[in-house]
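Listed below, chain by chain, are the residues.
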Amino acid sequence: MIIMKKVDLKNSSFVMNENSLIRDAMGAITDNQRGTIIVIDDSFYFQGLATDGDIRRGMLKGATMETPISKIINTNPVVINKNGDIDKKAEEIFKADSSISVIPIVDDNNILIDIKTRDPKKRKEI
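Keep in mind that this is a model prediction, so the values were computed, not measured.

### What about unusual backbone geometry?
For Q33, which is not glycine, the phi torsion reads 55° and is therefore positive. Relative to the helices and strands, Q33 resides in the loop between α1 (22–32) and β3 (36–40).

### A closer look at helix α2 (residues 52–60)
Three or more residues of α2 are buried, namely G53, D54, I55 and G58. For α2, the secondary structure elements touched by its buried residues are α1 and β4 (46–51). G62 sits one or two positions beyond α2 and adopts a positive phi of about 115°.

### Quick notes on the nonpolar core
Membership of the largest hydrophobic core comes to 13 residues, with the highest contact counts inside it found for I37, A50, I55, I69 and I72. Listing elements by their share of this core, those giving two or more residues are α1 and β3. When residues of this core are assigned to their parent elements, the largest contribution, 4 residues, is made by α1. Not counting chain neighbours up to four residues away, the residues in contact with I55 comprise I22, A25, M26, I29, I69 and I72. Counting residues in hydrophobic clusters, the runner-up holds 10 residues, among them I38, F46, V106 and L112.

### Remarks on helix α3 (residues 86–96)
Residues of α3 that are buried include every one of I86, A90, I93 and F94, and no others. Along the axis of α3, the buried residues cluster in a sector spanning 95°; they form a single face. Within α3, the exposed residues directed more than 90 degrees away from the buried face are K88, K95 and A96. On the buried face of α3, the contacting elements are β5 (80–81), β6 (102–106) and β7 (112–117). Between the side-chain oxygen of the N-cap and the backbone nitrogen of D87 there are 3.3 Å, and the N-cap of α3 in question is D85.

Thresholds applied
Residues numbered from 1 in each chain as written. Predicted model: local features only at pLDDT ≥ 70, side-chain atom pairs only at ≥ 80, totals over all residues. Heavy atoms only, no water. Helix = DSSP H or I, 4+ residues; strand = E, 2+ residues; numbered from the N terminus. Buried < 20%, exposed > 50% of the residue type's maximum accessible area, 1.4 Å probe, protein only. Contact = heavy atoms within 4.5 Å. Core = buried A, V, L, I, M, F, W, Y, C linked by side-chain atoms within 4.5 Å. Arc of directions from axis to C-beta. Polar contact = N/O pair within 3.5 Å; in protein donor to acceptor, adjacent residues only side chain to side chain.

This is how it looks when you write it as structure tokens:
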């Protein structure tokens, strides 16, 4: 069984505003220890995901630590709509793809309402 956790969206190292800098995103990714952050706008409208790999590829293309994270996000990641059995869908996704560690849950208007993470425990204290 895959253990999942509900996340406090307002106080989360999993969620960042689209205007945040890559430097801040890297700090959040280090803190959440999942290699991913969810990017939203001021209204919590889901914009996309940014991973360690997205940041690395962005920097290879000229992004800097001061570039807004919105410039390098994946705008078409795996997400779950709030309709249906969210826990079952999340577990199926986590089982099918071991590289996915964070899944955004959105409503019908693409507003971020929850997050599912693969393992709620921190891997190590930093």
